[in-house]
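So you can see what is in the structure, the chains are spelled out below.
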Amino acid sequence: MASGNKTAIMINEKRLLDSFLELAKINAPSGNEEPMAQYLVPLLEELGFSIKFDEAHKEFGGNCGNLIAWWEGTDSSVEPLFLSTHMDTVLPTEGLKPIIKDGVIYSDGTTILGADDRAALAAYIEGIRVIQETGTPCGPVELILTVNEQPGLVGAKYMDYSLVKSKKGFIFDSTGDIGQIILQGPYSSRIYCEIKGRDSHIGLNPEDGINAFLIAADALKNMKLGKVNDQVLANIGVIKGGTMSSIIPGEVELIGEVRSFDKEGLENQLEHMKEAVEMAAEQYKGSATVRFEKKYLGFNIPLEHEIAKTALVAADEIGVSKYTTQTLGGADTNVLNENGLECLTLGNGFKNLHTFQEHISVENLMNGGRYAAALIKEWYESHK
């Protein structure tokens, strides 16, 4: 049954709901996206898309590359628009059973739901169907569907960008409701701290030992962690070390991450953490080696940019409350912008992601389908 809100954007609500529930049940966690790709290819071909895959998966041992799909639209002279999301989910997904209660979609509590980001896939498919069925004029539409996003935006990192034709677009991938428009995302780097003391048997020669755990403890106590300020987050999330309860540990590794809205803030925090480790090691007469590893660069889309304007107008068209914001959460948006594809992140309403309590409201799901159609429509209207 076709339905819509107070605007002209109409969707088939039952079809969109059924589509999401079917997508959610597909077991395709990170590195095993092939089942999702096999489901999507005939569906997208039926909608007139041509399909290409890259070989990004060969870089990390996956079974499927990024999927890039192209549809000419009704007016190929107009600048193309891309919609992007990822095909993978976190675990567990085996035997996923979605249930609906009081207008909200959950799993049965034994798995995640996978609304992150099956909700975006369902919204894009419905939005495109609506555009086609209503004969709404539009330019070319490209779908950029990545793999292995959840472990750290890996598929986007290794994407063959020569296969992508469009340069501007949107990514539905945030916990905010439909109407959330994220203009700024963070810079992020990992930090690896290898701390060395000297191991020794506690019962034979304890005086010869230098406990690397104590060095690490002092270093951690002297680090600013958590919400450092409104611009910077820092965390130590992994500690590796020790062999036996009777051995004073001579080595330990700390692995952490820093995120910041500006590059200077990122670099300053990393240096602060490095100094804390080195000073602690020196006090105990141990040693430390600290290295940084870039995860992704930040992005900052001006409010006057055409994709920001399109997002705002499209939100008005479907009658949802809109607001612009920034986030210290990472998404493929960071990597695509780094590779010359200008885009921003949009909320699509999933909550408690990566947990058995993950859920999404039916209202957000429906608004996602409307929003996808409105974005395509408004992009054409402002570029024809």
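Residues numbered from 1 in each chain as written. Predicted model: local features only at pLDDT ≥ 70, side-chain atom pairs only at ≥ 80, totals over all residues. Heavy atoms only, no water.

The name given to the protein chain in an unreviewed UniProt entry is M20/M25/M40 family metallo-hydrolase, and the organism recorded there is Fredinandcohnia salidurans. In its Cofactor (unreviewed entry) section, the UniProt record describing the protein chain reads: "Zn(2+)". (UniProt positions renumbered as here; feature names shortened; annotations may be inferred.)

A. Region of the structure containing the pairing of strand β8 (residues 141-146). In terms of burial, β8 is a largely internal element, six of the six residues being buried. Sheet analysis places strand β4 (residues 67-71) next to β8, joined by five bridges and oriented antiparallel. Opposite I68, over in β8, you have I144 as the bridge partner. Summarising the sheet, strand β5 (residues 81-86) and β8 pair through six bridges and their orientation is parallel. (Buried < 20%, exposed > 50% of the residue type's maximum accessible area, 1.4 Å probe, protein only. Helix = DSSP H or I, 4+ residues; strand = E, 2+ residues; numbered from the N terminus. Pairing = 2+ DSSP bridges.)

B. Fine view of the pattern of salt bridges. This model, assessed by the stated rule, comprises 19 salt bridges. With a shortest N-O distance of 3.3 Å, K351 and D177 are connected by a salt bridge. Highlighted residues: K351 in the loop between β20 (342-346) and β21 (359-361) and D177 in the loop between β9 (168-172) and β10 (180-185), separated in sequence by 174 residues. In this structure D177 comes out as partly exposed when scored by relative accessible area, which is 37%. (Salt bridge = Lys/Arg side-chain N within 4 Å of Asp/Glu carboxyl O.)

C. Quick look at the packing of aromatic side chains. Here the structure, examined in full by the defined rule, presents three aromatic pairs. With a centroid separation of 5.1 Å and 75° between ring planes, the pair formed by Y124 and F172 is classed as edge-to-face. With a gap of 48 residues between them, Y124 in helix α3 (residues 115-133) and F172 in strand β9 connect regions that are remote in the sequence. One aromatic cluster in this structure is built from Y124, F172 and Y371. Cation over ring: K165 sits above W70, and NZ or CZ is 4.5 Å from the ring centre. Its guanidinium or amino end placed over the ring of Y192, R291 lies 4.0 Å from that ring's centre, counting from NZ or CZ. (Phe/Tyr/Trp six-rings, centres within 6.5 Å; stacked < 30°, edge-to-face > 60°. Lys NZ or Arg CZ within 6 Å of the ring centre and 35° of its normal.)

D. Fine view of the confidence of the model for the protein chain. Residues at a pLDDT of 70 or more form 98% of the protein chain, whose mean pLDDT is 96. pLDDT under 50 marks residues 1-7. Its contacts with residues more than four places away, or in other chains, come to 20 contacts. (pLDDT = per-residue confidence, 0-100. Contact = heavy atoms within 4.5 Å.)

E. Spatial organisation of the nonpolar core. Formed by 73 residues in total, the largest nonpolar core has its most connected members in F20, L40, F172 and Y371. The leading source of residues in this core is α3, at 11 residues. Not counting chain neighbours up to four residues away, the residues in contact with F20 comprise I105, L113, A115, R118, A119, A122, I360 and L365. Judged by nonpolar contacts, the second largest core, of 23 residues, contains I195, M223, V277 and A281. (Core = buried A, V, L, I, M, F, W, Y, C linked by side-chain atoms within 4.5 Å.)

F. Looking closely at empty space enclosed by the protein. This structure, assessed with the given rule, holds three cavities of 30 Å³ or more. Taken together, S50, I51, K52, I68, A69, W70, E142, L163 and K165 make up the lining of the largest cavity. Counting residues per element, the ones that place at least two in the lining of the largest cavity are β3 (50-53) and β4. Here the lining of the largest cavity is composed, by residue class, of five nonpolar, one polar and three charged. Within this model, the second largest cavity holds a volume of roughly 40 Å³. Elements that contribute at least two residues to the lining of the second largest cavity include exactly α2 (34-46), α3 and β8. Looking at the lining of the second largest cavity, the element that brings in the most residues is α3, giving three residues. Tallied by class, residues from the lining of the second largest cavity come to seven nonpolar, no polar and no charged. (1 Å grid on protein atoms, 1.4 Å probe; cavity = no way out; pocket = protein on both sides within 12 Å on 5 of 7 lines; lining within 4 Å. Points joined across faces, edges and corners; volume = space filled by probe spheres on them. Nonpolar A, V, L, I, M, F, W, Y, C, P; charged D, E, K, R; others polar.)

G. Molecular detail of the environment of G62. Along the chain, the position of G62 falls in the loop between β3 and β4. According to the relative accessible area criterion, G62 is buried, its value standing at 18%. Among all residues touching G62, those that are not within four sequence positions of it are G31 and H57.

H. The arrangement of the side chain of S166 in detail. Mapping S166 onto the fold places it in the loop between α4 (154-157) and β9. Separated by 2.4 Å, the side chains of S166 and E142 make a polar contact. Not counting residues within four places of it along the chain, the set of residues in contact with S166 comprises W70, P80, L81, F82, E142 and L341. (Polar contact = N/O pair within 3.5 Å; in protein donor to acceptor, adjacent residues only side chain to side chain.)

I. The pairing of strand β11 (residues 187-196), seen in detail. Across 10 bridges, β11 lies against strand β16 (residues 251-260) in antiparallel orientation. For Y187, the partnering residue across the bridge sits in β16 and is S260. In terms of strand pairing, β11 meets strand β17 (residues 287-296) through nine bridges, oriented antiparallel. Across the sheet, S189 pairs through a bridge with K294, a residue of β17.

J. Region of interest: unusual backbone geometry. Cis peptide bonds are those with omega within 30 degrees of zero, and the linkage from L91 to P92 qualifies with -5°. Tracing the backbone through its elements, the reader meets P92 in the loop between β5 and β6 (98-101). The omega angle of the peptide bond from D116 to D117 is 10°, so this bond is cis rather than trans. By the element assignment, D117 lies in helix α3. The phi dihedral of N352 falls on the positive side, at around 50°, and the residue is not glycine. Note that N352 resides in the loop between β20 and β21. Note on N352: relative accessible area 42%, which makes it partly exposed.

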